[in-house]
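Observations on chain architecture
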Amino acid sequence: MTETLSGSAADAGLMQSQFVIEMDRQMRAIDPYGEFDGLSTAELLEPFILTKEKRQQIPLVGDPDETVVARIKAYYNAISAMIEAECGLMAVPLVHLSHEGFGRVVITVGKLVVLDRSLRDVHRFGFPTLSKMKDEADKVLSVALELIGEHSKVAGL
């Protein structure tokens, strides 16, 4: 992550953002044997960063391994936790993937679907920078909160 986080003040602010803190929490939650205990947050989130060069090294066709699937679930769990923190209603993520890396992620709040996204080529799941990953999560969060605000009766069911 040294190439994506140079240590500037903006990067320090990014590392203290609610999203990065929640991603750290979610990644540590899926570590039953304490393998991540000695890693910093930047080192822990490094596998999510796929620069153009790293992406070119991954084959176009491939099956996702368990660690990639766990990272995808951690990402959407973090978004769900942030939705819960913002609106006070339970957000439930559902990630369904085939063994070939295709599937869907749905996040519901009550009976309201706040995110419905198709997933493809999940063996190549990642973002160019940590900042882009946070921006994408912020977009999803803002749309979800807007939907919850517009349809609060359904979200409260």
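Look above for the structure.
Read on for an overview of the structure. (Residues numbered from 1 in each chain as written. Predicted model: local features only at pLDDT ≥ 70, side-chain atom pairs only at ≥ 80, totals over all residues. Heavy atoms only, no water.)

A closer look at helix α2 (residues 18-29)
Look at α2: 16 Å from first C-alpha to last across twelve residues, which is about the 16 Å you get at 1.5 Å a residue. Looking only at α2, the buried set comprises F19, V20, E22, M23, D24, Q26 and M27. (Helix = DSSP H or I, 4+ residues; strand = E, 2+ residues; numbered from the N terminus. Expected span 1.5 Å × (residues − 1). Buried < 20%, exposed > 50% of the residue type's maximum accessible area, 1.4 Å probe, protein only.)

Re the packing of α2 against helix α6 (residues 130-150)
Their axes nearest at 10 Å, the elements α2 and α6 cross at an angle of 100°. Relative to α6, α2 is oriented roughly perpendicular. Facing F19, V20 and M23 of α2, the residues of α6 in contact are L130, M133, K134 and A137. Split into classes, the residues belonging to the contact of α2 with α6 amount to six nonpolar, no polar and one charged. (Axes fitted to C-alpha atoms, helices over the stretch in contact; angles between N-to-C directions. Parallel < 35°, antiparallel > 145°, perpendicular 65-115°, else oblique. Contact = heavy atoms within 4.5 Å. Nonpolar A, V, L, I, M, F, W, Y, C, P; charged D, E, K, R; others polar.)

Some thoughts on the pairing of strand β2 (residues 103-109)
Buried residues dominate β2, accounting for five of its seven residues. Across seven bridges, the pairing between strand β1 (residues 91-97) and β2 is antiparallel. Each residue of the ladder has a partner; that of H96, found in β2, is R104. Taking the residues that link successive antiparallel strands as the turn, the β1-β2 hairpin has five residues, and the phi of G101 there is positive, at about 95°. Where β2 and strand β3 (residues 112-119) come together, seven bridges link them in antiparallel fashion. By the bridge assignment for β3, V106 is matched with D116. Linkage of β2 to β3, two consecutive antiparallel strands, is achieved through a turn of two residues, within which G110 is found at a positive phi near 65°. (Pairing = 2+ DSSP bridges.)

So, the side chain of R124
Locating R124 in the fold gives a position in the loop between β3 and α6. Of the buried charged residues, R124 lacks a salt bridge, with D121 as the closest side chain of opposite charge at 6.0 Å. Apart from the residues within four sequence positions on either side, R124 is in contact with L50, R55, I58, P59 and L60. (Lys, Arg positive; Asp, Glu negative; His and termini not counted. Salt bridge = Lys/Arg side-chain N within 4 Å of Asp/Glu carboxyl O.)

By themselves, these are just geometric observations and shouldn't be taken as functional.
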